[in-house]
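This is what each chain is made of:
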Amino acid sequence: MNITIQHIIDHLTTEVEFPENTVDQLITGSPSQKVTGVFVTFMPTQHVIEHAIQRGVNLIIAHEPPFYNHHSHTDWLAEDPVYNTKNSLINEAGIAIYRCHDAIHRYQPDGITEGLVQALGWSSYVEQRRPETDILSLPEGTTVEDVAHHIKNKLGIEYVRVVGSPTMICTRAAILVGFRGNGNLTIPLLQDEGLDLIIAGEGFEWETPEYIRDAVQQGKQKALIMMGHAESEASGMKMLAERMAKNFPELPVHFVGEQPVYRVL
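This write-up is about the structure you can find in this document. Every residue gets a number counted from 1 within its own chain, in the order that chain's sequence is written. This being a predicted model, a pLDDT of at least 70 is required before a residue's local features are given, and a value of 80 or more before pairs of side-chain atoms are given or counted; all residues contribute to the totals for chains, interfaces and linings. Remark: hydrogens and water are excluded; side-chain values derive from all non-hydrogen atoms of the structure.

Quick look at the overall build of the protein
Inference 1: In this text, helices come from DSSP runs of H or I with a minimum length of four residues, and strands from runs of E with a minimum of two, each type numbered from the N-terminal end. Counting secondary structure elements, the protein contains nine helices and eleven strands.
Inference 2: For the protein, the C-alpha radius of gyration of 20 Å lies close to 18 Å, the compact-globule estimate for 265 residues.
Inference 3: Along the three orthogonal principal directions, the C-alpha set of the protein runs to about 60 × 40 × 35 Å.
Inference 4: Each residue gets one of three labels from its accessible area relative to the maximum for its type: buried under 20%, exposed over 50%, partly exposed in between, using a 1.4 Å probe on protein chains only. For the protein, the proportion of its 265 residues judged to be buried stands at 48%.
Inference 5: By definition, residues are in contact when any of their heavy atoms lie within 4.5 Å. In the protein, once contacts between residues fewer than 6 apart in sequence are set aside, the share between residues at least 24 apart is 71%. A radius of gyration in this sense is built from C-alpha atoms; the matching globule rule multiplies 2.2 Å by the number of residues raised to 0.38.

See the structure below:
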(Lines give C-alpha, C1' and ligand atoms only; values in the text may rest on other atoms or scores of the structure.)
Protein backbone atom coordinates (compact mmCIF):
# COMPACT_ATOMS: atom_id res chain seq x y z
CA MET A 1 0.00 0.00 0.00
CA ASN A 2 1.26 3.46 -0.89
CA ILE A 3 0.77 5.66 2.14
CA THR A 4 0.19 9.33 1.44
CA ILE A 5 0.63 12.31 3.70
CA GLN A 6 -3.16 12.56 3.87
CA HIS A 7 -3.29 9.03 5.34
CA ILE A 8 -0.91 10.15 8.07
CA ILE A 9 -2.86 13.34 8.76
CA ASP A 10 -6.12 11.40 8.98
CA HIS A 11 -4.54 9.03 11.48
CA LEU A 12 -3.28 11.89 13.65
CA THR A 13 -6.56 13.81 13.64
CA THR A 14 -9.25 11.13 13.96
CA GLU A 15 -11.89 12.17 16.49
CA VAL A 16 -10.03 15.35 17.40
CA GLU A 17 -12.07 18.53 17.84
CA PHE A 18 -9.86 21.37 16.67
CA PRO A 19 -10.14 24.95 17.91
CA GLU A 20 -11.44 27.41 15.34
CA ASN A 21 -8.01 29.01 14.86
CA THR A 22 -5.99 25.79 14.90
CA VAL A 23 -2.31 25.97 13.99
CA ASP A 24 -2.21 22.34 12.87
CA GLN A 25 -1.58 22.26 9.15
CA LEU A 26 0.53 20.90 6.33
CA ILE A 27 3.01 23.76 6.12
CA THR A 28 4.96 22.41 3.15
CA GLY A 29 4.29 19.56 0.75
CA SER A 30 1.15 18.06 -0.78
CA PRO A 31 -1.45 15.77 0.87
CA SER A 32 -1.22 13.38 -2.08
CA GLN A 33 2.55 12.97 -1.74
CA LYS A 34 3.68 9.38 -1.12
CA VAL A 35 5.53 9.00 2.17
CA THR A 36 9.02 7.47 2.05
CA GLY A 37 9.73 7.87 5.75
CA VAL A 38 8.70 9.89 8.78
CA PHE A 39 10.64 11.93 11.28
CA VAL A 40 8.73 12.99 14.39
CA THR A 41 10.32 15.87 16.26
CA PHE A 42 9.63 18.75 18.60
CA MET A 43 11.10 21.44 16.34
CA PRO A 44 11.85 21.13 12.59
CA THR A 45 15.25 22.76 12.82
CA GLN A 46 17.78 23.18 10.04
CA HIS A 47 19.65 20.17 11.44
CA VAL A 48 16.54 17.96 11.52
CA ILE A 49 15.71 18.86 7.91
CA GLU A 50 19.25 18.14 6.75
CA HIS A 51 19.14 14.78 8.58
CA ALA A 52 15.82 13.91 6.92
CA ILE A 53 17.31 14.57 3.49
CA GLN A 54 20.31 12.37 4.31
CA ARG A 55 18.01 9.53 5.39
CA GLY A 56 15.61 9.80 2.44
CA VAL A 57 12.74 10.86 4.68
CA ASN A 58 10.18 13.19 3.11
CA LEU A 59 7.70 13.84 5.95
CA ILE A 60 8.48 15.64 9.19
CA ILE A 61 5.79 15.74 11.87
CA ALA A 62 6.69 18.56 14.24
CA HIS A 63 5.07 20.00 17.34
CA GLU A 64 6.28 23.52 16.61
CA PRO A 65 6.54 25.43 13.31
CA PRO A 66 9.66 25.79 11.17
CA PHE A 67 9.45 29.55 10.67
CA TYR A 68 9.67 31.21 14.08
CA ASN A 69 6.08 32.21 14.84
CA HIS A 70 3.06 30.36 16.21
CA HIS A 71 0.80 30.76 13.18
CA SER A 72 3.44 29.95 10.55
CA HIS A 73 3.15 33.34 8.86
CA THR A 74 6.07 34.01 6.53
CA ASP A 75 5.30 37.29 4.76
CA TRP A 76 7.35 39.21 7.31
CA LEU A 77 10.35 36.96 6.54
CA ALA A 78 10.36 37.40 2.77
CA GLU A 79 13.74 39.14 2.69
CA ASP A 80 15.31 37.26 5.59
CA PRO A 81 18.37 35.15 4.60
CA VAL A 82 17.92 32.50 7.30
CA TYR A 83 14.30 31.91 6.33
CA ASN A 84 15.11 31.85 2.62
CA THR A 85 17.97 29.36 3.03
CA LYS A 86 15.83 27.03 5.13
CA ASN A 87 12.75 27.36 2.94
CA SER A 88 14.76 26.71 -0.23
CA LEU A 89 16.28 23.57 1.29
CA ILE A 90 12.83 22.26 2.23
CA ASN A 91 11.32 22.96 -1.19
CA GLU A 92 14.25 21.69 -3.25
CA ALA A 93 14.32 18.42 -1.29
CA GLY A 94 10.53 17.98 -1.40
CA ILE A 95 10.23 17.79 2.36
CA ALA A 96 6.69 17.95 3.75
CA ILE A 97 6.24 19.39 7.22
CA TYR A 98 3.03 18.73 9.13
CA ARG A 99 2.50 20.54 12.39
CA CYS A 100 0.84 18.40 15.06
CA HIS A 101 0.21 20.78 17.94
CA ASP A 102 -3.46 21.22 18.80
CA ALA A 103 -4.40 17.63 18.01
CA ILE A 104 -1.91 15.96 20.32
CA HIS A 105 -2.78 18.36 23.13
CA ARG A 106 -6.44 17.30 22.70
CA TYR A 107 -5.82 13.58 22.89
CA GLN A 108 -7.34 11.93 25.94
CA PRO A 109 -5.18 12.25 27.96
CA ASP A 110 -3.09 15.13 26.55
CA GLY A 111 -0.43 13.33 24.51
CA ILE A 112 2.37 15.74 25.38
CA THR A 113 1.72 15.68 29.13
CA GLU A 114 1.30 11.91 29.08
CA GLY A 115 4.61 11.46 27.26
CA LEU A 116 6.46 13.62 29.79
CA VAL A 117 4.89 11.91 32.81
CA GLN A 118 5.77 8.49 31.38
CA ALA A 119 9.34 9.58 30.59
CA LEU A 120 9.72 10.73 34.20
CA GLY A 121 8.29 7.46 35.54
CA TRP A 122 5.54 9.29 37.38
CA SER A 123 2.40 7.66 35.97
CA SER A 124 1.60 6.11 39.36
CA TYR A 125 1.83 9.54 41.00
CA VAL A 126 -0.97 11.05 38.90
CA GLU A 127 -3.84 11.99 41.19
CA GLN A 128 -5.98 13.76 38.61
CA ARG A 129 -5.77 14.79 34.99
CA ARG A 130 -6.97 18.11 33.65
CA PRO A 131 -6.78 19.43 30.09
CA GLU A 132 -3.85 21.70 31.00
CA THR A 133 -2.09 19.76 33.77
CA ASP A 134 -1.61 16.56 35.73
CA ILE A 135 -1.77 16.83 39.52
CA LEU A 136 0.80 14.61 41.23
CA SER A 137 1.06 13.13 44.72
CA LEU A 138 4.78 12.76 45.41
CA PRO A 139 6.39 10.16 47.69
CA GLU A 140 6.81 11.12 51.33
CA GLY A 141 9.96 13.12 52.05
CA THR A 142 10.51 14.29 48.45
CA THR A 143 12.35 17.61 48.26
CA VAL A 144 12.43 20.17 45.48
CA GLU A 145 16.06 19.22 44.90
CA ASP A 146 15.08 15.54 44.59
CA VAL A 147 12.54 16.43 41.90
CA ALA A 148 14.99 18.67 40.03
CA HIS A 149 17.71 16.01 39.95
CA HIS A 150 15.19 13.36 38.89
CA ILE A 151 14.00 15.50 35.97
CA LYS A 152 17.55 16.19 34.83
CA ASN A 153 18.54 12.52 35.02
CA LYS A 154 15.43 11.13 33.33
CA LEU A 155 15.33 13.68 30.52
CA GLY A 156 19.09 13.92 30.08
CA ILE A 157 19.15 17.69 30.44
CA GLU A 158 21.92 19.83 31.87
CA TYR A 159 19.91 22.16 34.06
CA VAL A 160 16.51 23.28 35.33
CA ARG A 161 15.67 26.63 36.95
CA VAL A 162 14.30 26.68 40.50
CA VAL A 163 12.52 29.32 42.57
CA GLY A 164 12.20 28.54 46.28
CA SER A 165 14.14 26.38 48.70
CA PRO A 166 15.75 23.23 47.22
CA THR A 167 15.34 21.49 50.61
CA MET A 168 11.60 22.14 50.88
CA ILE A 169 9.49 19.00 51.21
CA CYS A 170 6.81 18.82 48.54
CA THR A 171 3.89 16.42 48.60
CA ARG A 172 1.62 17.75 45.84
CA ALA A 173 2.69 19.18 42.49
CA ALA A 174 1.26 20.20 39.14
CA ILE A 175 3.11 19.47 35.92
CA LEU A 176 2.44 21.79 32.98
CA VAL A 177 4.13 21.37 29.60
CA GLY A 178 5.19 23.95 27.05
CA PHE A 179 4.09 27.55 27.59
CA ARG A 180 1.56 26.70 30.30
CA GLY A 181 3.72 28.08 33.10
CA ASN A 182 1.99 31.44 33.18
CA GLY A 183 0.32 32.86 36.25
CA ASN A 184 -3.26 32.59 35.01
CA LEU A 185 -2.87 28.79 35.11
CA THR A 186 -0.38 28.20 37.91
CA ILE A 187 -1.57 30.61 40.61
CA PRO A 188 -5.17 29.29 40.82
CA LEU A 189 -3.79 25.73 40.82
CA LEU A 190 -1.51 26.48 43.76
CA GLN A 191 -4.43 27.71 45.82
CA ASP A 192 -7.29 25.49 44.65
CA GLU A 193 -5.28 22.25 44.85
CA GLY A 194 -3.11 23.10 47.85
CA LEU A 195 0.08 22.54 45.85
CA ASP A 196 3.63 22.91 47.10
CA LEU A 197 5.33 22.79 43.71
CA ILE A 198 4.77 23.85 40.12
CA ILE A 199 6.76 21.99 37.45
CA ALA A 200 6.47 23.75 34.11
CA GLY A 201 8.08 24.15 30.71
CA GLU A 202 8.20 27.91 30.49
CA GLY A 203 6.13 31.05 30.97
CA PHE A 204 6.45 34.77 31.42
CA GLU A 205 9.21 35.36 33.93
CA TRP A 206 7.38 38.18 35.70
CA GLU A 207 4.33 36.05 36.56
CA THR A 208 4.74 32.65 38.26
CA PRO A 209 8.40 33.09 39.30
CA GLU A 210 7.66 36.42 40.95
CA TYR A 211 4.55 35.03 42.64
CA ILE A 212 6.62 32.18 44.09
CA ARG A 213 9.33 34.60 45.20
CA ASP A 214 6.78 36.71 47.10
CA ALA A 215 5.17 33.60 48.61
CA VAL A 216 8.54 32.40 49.90
CA GLN A 217 9.30 35.85 51.35
CA GLN A 218 5.96 35.64 53.20
CA GLY A 219 6.99 32.32 54.72
CA LYS A 220 4.78 30.14 52.54
CA GLN A 221 6.02 26.73 51.39
CA LYS A 222 5.95 27.09 47.62
CA ALA A 223 8.44 26.33 44.85
CA LEU A 224 8.77 26.33 41.07
CA ILE A 225 10.83 24.26 38.65
CA MET A 226 11.11 25.44 35.04
CA MET A 227 12.38 22.73 32.65
CA GLY A 228 12.35 24.63 29.34
CA HIS A 229 9.76 24.45 26.56
CA ALA A 230 11.38 21.79 24.37
CA GLU A 231 12.54 19.81 27.39
CA SER A 232 8.96 19.53 28.61
CA GLU A 233 7.38 18.56 25.28
CA ALA A 234 9.87 16.43 23.35
CA SER A 235 8.95 13.29 25.30
CA GLY A 236 5.36 13.57 24.10
CA MET A 237 6.49 13.67 20.49
CA LYS A 238 8.77 10.70 21.11
CA MET A 239 5.80 8.74 22.43
CA LEU A 240 3.83 9.75 19.33
CA ALA A 241 6.64 8.40 17.12
CA GLU A 242 6.61 5.08 18.97
CA ARG A 243 2.87 4.73 18.52
CA MET A 244 3.04 5.69 14.84
CA ALA A 245 5.75 3.10 14.22
CA LYS A 246 3.35 0.43 15.49
CA ASN A 247 0.45 1.74 13.41
CA PHE A 248 2.52 2.08 10.23
CA PRO A 249 4.95 -0.87 10.37
CA GLU A 250 5.61 -0.61 6.63
CA LEU A 251 7.09 2.87 7.06
CA PRO A 252 10.37 3.89 8.73
CA VAL A 253 9.21 6.17 11.57
CA HIS A 254 11.76 7.72 13.91
CA PHE A 255 11.80 10.30 16.65
CA VAL A 256 14.56 12.86 16.11
CA GLY A 257 15.71 14.99 19.02
CA GLU A 258 17.79 18.13 19.07
CA GLN A 259 20.49 19.58 21.29
CA PRO A 260 19.23 22.11 23.86
CA VAL A 261 18.90 25.53 22.25
CA TYR A 262 20.57 27.26 25.23
CA ARG A 263 24.01 26.75 26.70
CA VAL A 264 24.80 27.69 30.29
CA LEU A 265 28.07 29.62 30.54
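Here we look at the sheet that holds strand S3 (residues 59-62)
Inference 1: Ordered in space as S1-S4-S3-S2-S11, the five strands form an open sheet in which the pairing is mixed. Lying at the two open borders of the sheet, with one neighbouring strand each, are strand S1 (25-28) and strand S11 (253-255). Averaged over all pairs of adjacent strands, the angle between their axes in this sheet comes to 25 degrees, without regard to strand direction.
Inference 2: Judged from the four bridges that link them, strand S2 (residues 38-41) and S3 form a sheet pairing that is parallel. Within the sheet, the bridge partner assigned to Phe 39 lies in S3 and is Ile 60. A strand pair is defined by DSSP finding two or more bridges across the two strands. All axes are obtained by fitting lines to C-alpha atoms, using only the stretch in contact for helices, and the reported angles, taken between N-to-C directions, cover 0 to 180 degrees.

Quick look at the pairing of strand S6 (residues 134-137)
Inference 1: Summarising the sheet, strand S5 (residues 126-129) and S6 pair through three bridges and their orientation is antiparallel. Note that in S6 the partner of Arg 129 across the bridge is Asp 134.
Inference 2: Turn length for the S5-S6 hairpin, with the two strands adjacent in sequence and antiparallel, is four residues.
Inference 3: Sheet topology note: the S6/strand S8 (residues 172-176) ladder contains four bridges and is antiparallel.

Looking at unusual backbone geometry
Inference 1: The peptide bond linking Gln 108 to Pro 109 adopts the cis configuration, its omega dihedral lying at 0 degrees.
Inference 2: Turning to its location among the elements, Pro 109 is positioned in the loop between helix H4 (102-105) and helix H5 (111-119).
Inference 3: Phi is positive for Tyr 68, close to 70 degrees, though the residue is something other than glycine.
Inference 4: Inspection of the secondary structure assignment puts Tyr 68 in the loop between S3 and helix H3 (81-93).
Inference 5: Using a relative accessible area of 44% as the deciding quantity, one classes Tyr 68 as partly exposed.

Points about the packing of helix H2 (residues 46-55) against H3
Inference 1: Contact geometry for H2 and H3: axes closest at 11 Å, N-to-C directions at 20 degrees. Considered as vectors, H2 and H3 are oriented roughly parallel to each other. Note that H2 runs across H3; the crossing there is left-handed. Here H2 contributes Gln 46, Ile 49, Glu 50 and Ile 53 to the contact with H3, which in turn contributes Lys 86, Leu 89, Ile 90 and Ala 93. Throughout, the term roughly parallel applies to angles under 35 degrees, roughly antiparallel to angles over 145, roughly perpendicular to angles from 65 to 115, and oblique to all others. With the far helix as reference, a near helix turned anticlockwise by less than a right angle produces a left-handed crossing, and one turned clockwise produces a right-handed crossing.

Remarks on the sheet that holds S5
Inference 1: If you walk across this open sheet you meet the six strands as S5-S6-S8-S9-S10-S7, and the pairing is mixed. Edge positions in the sheet fall to S5 and strand S7 (161-163), since each has one partner strand and no second. Neighbour to neighbour, the strand axes of the sheet diverge by 20 degrees on average, direction disregarded.
Inference 2: Helix-sheet contacts for helix H6 (residues 144-155) involve S7, strand S9 (197-200) and strand S10 (223-226), and the interaxial angle to S10 is about 10 degrees.
Inference 3: Across the face of the sheet, helix H7 (residues 183-192) comes into contact with S6, S8 and S9 while running at roughly 160 degrees to S8.

Remarks on a nonpolar patch on the surface
Inference 1: Each patch groups residues whose relative accessible area exceeds 30% and which form no salt bridge, using 9 Å between like charges and 5 Å between nonpolar side chains of Val, Leu, Ile, Met, Phe, Trp and Tyr. To be clear on the numbers: accessible area is Shrake-Rupley with a 1.4 Å probe, and residue cover counts the displayed protein chains and nothing else. The term salt bridge refers to a side-chain nitrogen of Lys or Arg lying within 4 Å of a carboxyl oxygen of Asp or Glu. Taken together, the side chains of Tyr 159, Val 261, Tyr 262 and Val 264 make up a nonpolar region of the molecular surface, amounting to roughly 450 Å² of accessible area.
Inference 2: Looking at where Val 264 falls in the secondary structure, it is placed in the segment after S11.
Inference 3: Classification of Val 264 as partly exposed rests on a relative accessible area of 46%.

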